[in-house]
Amino acid sequence: LDFWFSDSIEADIWECLYVLGFSKTGILKHFMMEPDHSYGSRFVVLGAVAQMAMHHPERKEEIIQWYKDLLAFYISQKENDRIIDSALNGFLVMNAVDMRAKELEAEIVEIYKNGLVDEDMAGTLKSVLKELHDPQSEVKKIEITEDIYSKYKEALNERESVKQKDRLSINSSG
């Protein structure tokens, strides 16, 4: 995925995985447990699965179990550099917080205890647990594009915005 999509993987591909993987979360979990996949590829899978729980609350329990299984596996593989990525684990923890998945607290504590989380990515265990239990904190659901035409129009608008910024910076520096 990284080779073909590079920077757009985080912004665009998660929606494809959300739709295509909606009824195939077991396959996505298996992918997450395979060694040697890039950070970007696994990052986008984690995000897509978390969004499933946020857009479909009736699936939250299932998705939390998916995350529990993944966290337990990562803890069991803590010495395996081909699987463990502390930055990815930081994102995994952030997803748990975004989903308000208090049920994952024990696993989050354990993954921190094992030194498997990049605190620059997710924050300290104390700050994560505080946010996880903060009643004011909202679920961070990302809007899903309705159709390919809307996505294309959004991409064109974004490209035009970048061009305008480039023109402004050239004009102001020249």
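Refer to the structure printed above.
Only a predicted model underlies this, so the values are computations on that prediction, with no experimental measurement involved. Position numbers for residues start from 1 in each chain and track the written sequence from start to end. Per-residue local features of the predicted model are confined to residues with pLDDT of at least 70, and side-chain atom pairs are confined, for both listing and counting, to 80 or more; whole-chain, interface and lining totals are unaffected and use all residues. Heavy atoms throughout the structure, all of them, feed into the side-chain values; hydrogens and water do not.

Let us look at the overall build of the protein. By the criteria applied, helices consist of DSSP H or I runs no shorter than four residues and strands consist of E runs no shorter than two, each listed in order from the N terminus. For the protein, the helix and strand inventory stands at 10 helices and 0 strands. Secondary structure of the protein in N-to-C order comes out as α-α-α-α-α-α-α-α-α-α. Oriented by its inertia axes, the alpha-carbon framework of the protein measures out at about 55 × 40 × 35 Å. Should any heavy atoms of two residues lie within 4.5 Å, those residues are considered in contact. In the protein, the share of contacts with a sequence separation of at least 24, taken over all contacts with a separation of at least 6, comes to 73%. Of the roughly 10,600 Å² of accessible surface on the protein, a fraction of 54% belongs to carbon and sulfur atoms. Charge counting treats Lys and Arg as positive and Asp and Glu as negative, with His and both chain ends excluded. The atom standing in for a charge is NZ when the residue is Lys, CZ when it is Arg, CG when it is Asp and CD when it is Glu. Taken together, the 21 basic and 32 acidic charged side chains of the protein have centroids lying 2 Å from each other. For accessible areas, the Shrake-Rupley method is used with a probe of radius 1.4 Å. Any residue's cover is judged against the shown protein chains and nothing else.

Attention shifts here to unusual backbone geometry. Note: most peptide bonds trans; most residues except glycine with negative phi. The phi angle at aspartate 36 is positive, at roughly 75°, despite the residue not being glycine. You can see aspartate 36 is positioned in the loop between α3 (25-33) and α4 (39-55). Non-glycine residue arginine 100 carries a positive phi angle of around 60°. In this fold, arginine 100 is placed in the loop between α6 (86-98) and α7 (105-113). The class of arginine 100 is buried, set by a relative accessible area of 10%. For each residue, the accessible area found with a 1.4 Å probe, counting protein chains only, is set against the maximum for its type, and the residue is called buried under 20%, exposed over 50%, and partly exposed in between.

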